[in-house]
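# Structural features, examined
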Amino acid sequence: MSEGTIKKFMYVNRKPPYGTVYALESLEVVLIGAAFDQDVSLAFIGDGVYQITKGQSTSDIGMKNFSPTYNALGDYDITKLYVEQESLTERGLSVDDLMDIVYEDEDDDWAEKPSIRVVSRAELADVIAGQDILLNF
Amino acid sequence: MLHTVNKSPFERNSLDACLGLAKAGSAILLIEDGVVGAIKGTTIESKLTETMQSSKIYVLGPDLAARGLSEDKLVDGIQVVDYGGFVDLAAENTAVQSWL
Amino acid sequence: MATISVGGKDIEVDEEGYLVNLGDWTEEAASFLAGQDELELTDSHWEIINFLREYYDEYQIAPAVRVLTKAVGKRMGKDKGNSKYLYELFPYGPGKQACRFAGLPKPTGCI
């Protein structure tokens, strides 16, 4: 895809990690898809917010903890992670329960900037309305 | 009877179905994605509190830890068990109902 | 499952020659795997291999070549952060080949 217009891709994540394979599959598709140089963002709504909680420890369930990989997304030029505020609130969570996912801004002397954007349901609806392609997991 | 629930109450009605049919004196164990329901301050907290007046609710610690949820976030009265505790609950109860 | 024998120990590898268990990796194993590709590891190779292992340790993935190139450039300078330099070191691809020597799985998105 070396030429052509850049499209706005959004990956919508609505499942908790580990109980099903959706979260990991989504992350893998995101990383593979990053090679196509599109305008990519991720949304975490509903139970999807559990994918990026801090302090995940999977040693006792015998599965790989893939939460550190979300911190690599910035290297793949994926710097917009939308989290719906209502989803956090409904689940007794706040932004403080999420990982501090950051990216380094190449155009600003590699300054670290937050990737997570907590938005309201109404704001997220606007962001979704502006997408070209939506992929749901 | 021991009831296990492995689905998120925010996505499926498995927990609702369980709570509706579990008799007083039941043991209800939240496992896998079901553990997310055990957290304080959620939209389903009052249902759990009500259930705990007549039954016991447990949550599987390793599944809680995997999802980054610490034990101090649990609804008061919910007990954490490990895999050994899961086995004990299964052995103590005459039957196990696994809500999917 | 195929195995390679390094330092008197059998190490499992998959059908493409990647280590099955990350924990089996040793520097000796890296040199052995390089030997299979008729490569002698130099300090320049080790610099990249060690970088890959650190990256994996932090993020639990092997970086895509594009990401590796950018990160090497940032950390070790522009003269090394380009695909020409990396392909000279690892002619079968800095992603695929260097990750194999580093004991990591094949990079995600590497077909």
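Below is a short write-up of the structure. (Residues numbered from 1 in each chain as written. Chains lettered and ligands numbered in written order. Predicted model: local features only at pLDDT ≥ 70, side-chain atom pairs only at ≥ 80, totals over all residues. Heavy atoms only, no water.)

It is worth spelling out the overall build of chain A at this point. When helices and strands are tallied, chain A shows three helices and seven strands. Listing every helix and strand of chain A by position from the N terminus yields β-α-β-β-α-β-β-β-α-β. Its C-alpha atoms give chain A a radius of gyration of 15 Å, within 12% of the compact-globule value 14 Å for 137 residues. Its C-alpha atoms put chain A at 45 × 30 × 30 Å along the principal axes. Across the 137 residues in chain A, those meeting the buried criterion constitute 50%. When contacts within chain A are restricted to residue pairs at least 6 apart in sequence, long-range pairs at least 24 apart make up 78% of them. (Helix = DSSP H or I, 4+ residues; strand = E, 2+ residues; numbered from the N terminus. Rg over C-alpha atoms; globule rule 2.2 N^0.38 Å. Buried < 20%, exposed > 50% of the residue type's maximum accessible area, 1.4 Å probe, protein only. Contact = heavy atoms within 4.5 Å.)

Another aspect to go through is the interface of chain C and chain A. Facing the 15 residues of chain C at the interface are 18 residues of chain A. For the pairing of chain C and chain A, the buried interface totals around 1400 Å² over both sides, and the portion due to carbon and sulfur atoms is 54%. Measuring nitrogen to oxygen at the nearest pair gives 2.8 Å for the salt bridge that ties Lys74(C) to Glu104(A). For the side of chain C that touches chain A, the secondary structure elements donating two or more residues are α2 (43-59) and α3 (65-76) of chain C. Here the residues of the side of chain C that touches chain A sort into eight nonpolar, three polar and four charged. (Buried area = accessible area lost by both parts, 1.4 Å probe. Salt bridge = Lys/Arg side-chain N within 4 Å of Asp/Glu carboxyl O. Nonpolar A, V, L, I, M, F, W, Y, C, P; charged D, E, K, R; others polar.)

To continue, consider the sheet that holds strand β1 (residues 2-5) of chain B. All names here are of chain B. Read across the sheet, five strands follow the order β4-β3-β2-β1-β5 without closing on themselves; strand pairing throughout is parallel. Both outer strands of the open sheet, β4 (79-81) and β5 (96-99), are each paired with one neighbouring strand and no more. Across the sheet, the mean angle from the axis of one strand to that of its neighbour is 25°, orientation sign disregarded. As paired strands, strand β3 (residues 56-60) and β4 are joined by three bridges and run parallel to one another. Directly across from Leu60, in β4, lies its bridge partner Val81. The strands touched by helix α4 (residues 83-92) are β1, β2 (27-30), β3, β4 and β5; relative to β1, the strand with the most contacts, the crossing angle is about 135°. (Pairing = 2+ DSSP bridges. Axes fitted to C-alpha atoms, helices over the stretch in contact; angles between N-to-C directions.)

Residue and element names in this part refer to chain A. With parallel pairing, the five strands of this open sheet are ordered in space as β6-β3-β2-β1-β7. In this open sheet, the two strands that pair with only one neighbour each are β6 (116-119) and β7 (133-136). Shown here is a sheet whose adjacent strand axes are inclined to one another by a mean of 25°, direction ignored. As paired elements, strand β1 (residues 8-13) and β7 share four bridges and run parallel to each other. Counted as the bridge partner of Tyr11 is Leu135 from β7. Contacting β1, β2 (39-44), β3 (81-84), β6 and β7, helix α3 (residues 121-129) crosses the sheet at an angle of about 140° to β3.

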